[in-house]
Amino acid sequence: MTIAICDDEKDVRELLKHNVRTICPDAELVLYSTGKELLAARDQIDILFLDIQMPGKNGMETAREFRERYRTTILIFVTALEEYVFEAFDVEAFHYLVKPFSDKKFYTVLQKAVTQYREQDCLSQRECTKEAERFMIIKVGGVSSKVYIKDIIYAEVFNRKVVLHTTKGEIEYYGKLSSLEEQLGQDFFRPHRSYLVHFKYVVKYDASRIILEEGAVLMAKPRYSDFVKQYLRYNQRKREL
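This one's a predicted model, so the numbers in the text were calculated from it and none came from an experiment.

Caption draft 1: Structural view of the pattern of salt bridges. Overall, the coordinates contain eight salt bridges when judged by the stated rule. Between aspartate 51 and lysine 99 there is a salt bridge; the shortest N-O distance is 3.8 Å. Linking aspartate 51 in the loop between strand 3 (47-50) and helix 3 (59-69) with lysine 99 in the loop between strand 5 (95-98) and helix 5 (103-133), this pair joins segments that are 48 residues apart in sequence. Owing to a relative accessible area of 3%, aspartate 51 belongs among the buried residues under this scheme. Linking aspartate 151 and lysine 150 is a salt bridge whose minimum nitrogen-to-oxygen distance equals 3.2 Å. For aspartate 151, a relative accessible area of 8% puts it in the buried group. In this structure lysine 150 comes out as partly exposed when scored by relative accessible area, which is 29%. What emerges from the salt-bridge pattern is a single network uniting Asp7, Asp51 and Lys99.

Caption draft 2: Expanded view of the sheet that holds strand 5. Taken together, five strands build an open sheet; the order of strands is 2-1-3-4-5 and the sheet is parallel. This sheet does not close on itself; its edge strands, each paired only once, are strand 2 (28-32) and strand 5. Taking each pair of neighbouring strands and ignoring which way they run, the sheet shows an average axis angle of 15 degrees. Pairing of strand 4 (residues 74-79) with strand 5 involves four bridges; the strand directions are parallel.

Caption draft 3: Molecular detail of the nonpolar core. Counting residues in each nonpolar core, the largest one holds 21 residues, and the members touching the most others are Leu38, Leu48, Leu50 and Phe77. Those elements that place two or more of their residues in this core are strand 1 (2-6), strand 2, helix 2 (35-41), strand 3, helix 3 and strand 4. When residues no more than four places from it in sequence are discounted, the contact partners of leucine 50 are Cys6, Leu38, Gly59, Thr62, Ala63, Leu75, Ile76, Phe77 and Val78. In this structure, Ile5, Leu16, Val20 and Phe49 belong to the second largest nonpolar core, which totals 20 residues.

Caption draft 4: Structural detail: helix 1 (residues 10-23). Helix length check: helix 1 (14 residues) gives 20 Å between terminal C-alpha atoms against 20 Å at 1.5 Å per residue, within 8%. Among all positions in helix 1, only Val12, Arg13, Leu16, Asn19 and Val20 are buried. Buried residues along helix 1 cover an arc of 130 degrees about the axis, so they all sit on one side. Helix 1 presents Lys10, Asp11 and His18 as exposed residues on the side facing more than 90 degrees away from its buried surface.

What counts as what
- Numbering of residues begins from 1 in every chain and follows the order in which that chain's sequence is written.
- pLDDT decides what is reported in this predicted model: residues at 70 or higher carry local features, side-chain atom pairs at 80 or more are listed and counted, and totals for whole chains, interfaces and linings draw on all residues regardless.
- Computation of side-chain values: all heavy atoms of the structure, hydrogens and water removed.
- When a carboxyl oxygen of Asp or Glu is within 4 Å of a side-chain nitrogen of Lys or Arg, the pair counts as a salt bridge.
- Strands here are runs of E lasting at least two residues and helices are runs of H or I lasting at least four, both read from the DSSP assignment and numbered beginning at the N terminus.
- Relative accessibility decides the category of a residue: with a 1.4 Å probe and only protein chains considered, values under 20% of the type maximum give buried, values over 50% give exposed, and everything between is partly exposed.
- Two strands form a pair only when DSSP identifies at least two bridges running between them.
- Interaxial angle, 0 to 180 degrees, is taken between N-to-C directions of lines fitted to C-alpha atoms, where a helix line uses only the stretch in contact.
- Working definition of a nonpolar core: buried Ala, Val, Leu, Ile, Met, Phe, Trp, Tyr and Cys residues. They are joined through side-chain atoms within 4.5 Å.
- What makes two residues a contact is simply this: any of their non-hydrogen atoms within 4.5 Å.
- Every helix has an expected span of 1.5 Å times one less than the residues it contains.
- Each C-beta atom gives one direction from the helix axis, and the arc is the one those directions make.

So far we have only geometry, and geometry alone does not tell us how the molecule works.
Okay, structure coming up:
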């Protein structure tokens, strides 16, 4: 679990750091003195304590930009300003601590945040387990075989056959790539009429081809922009799990 503190006052950062350590001695702690510094770091943060009154980009502006990239971070405002409390709902703040507050109040809020984080983490693990268990049945020559979706690197169509390139070898069967595309869902993308790739195994790409952990496929130039957008969304989804 990573907990971040963003406050322009060093004394406040040190006090909050001490209080966090009391409740969460094993948590990874990162400190920032400005909103600009927080946003530039692009760290994956589980719980964030954010001041509102800061030089340059204030805490509310920082929170709005931060939320565009990180949807699941538990956000707690720490401020002397009560008037921003309603704006806090717009960025899905977990709590709004008004300075000065007691240690007891801080500990209560942090404990609740940690509980929510653990509940979210358990849910994410269940989702990952569910994804790992997804499979399809391929029938070849009268023999049905189970193929786990997580093992499919890419698929291609050749002579009315679909060829699945998996981590365990190749499987050929009669079928349509369009039907397979619908079945596999948003973790896959069709960069060319002949190929369907699993984002999980993408190593690098440009406007003409995609390099996978095993093999390479063509990229149709009109599909390049959509590929980049969906690949970024895929990476965002995986960071949030």
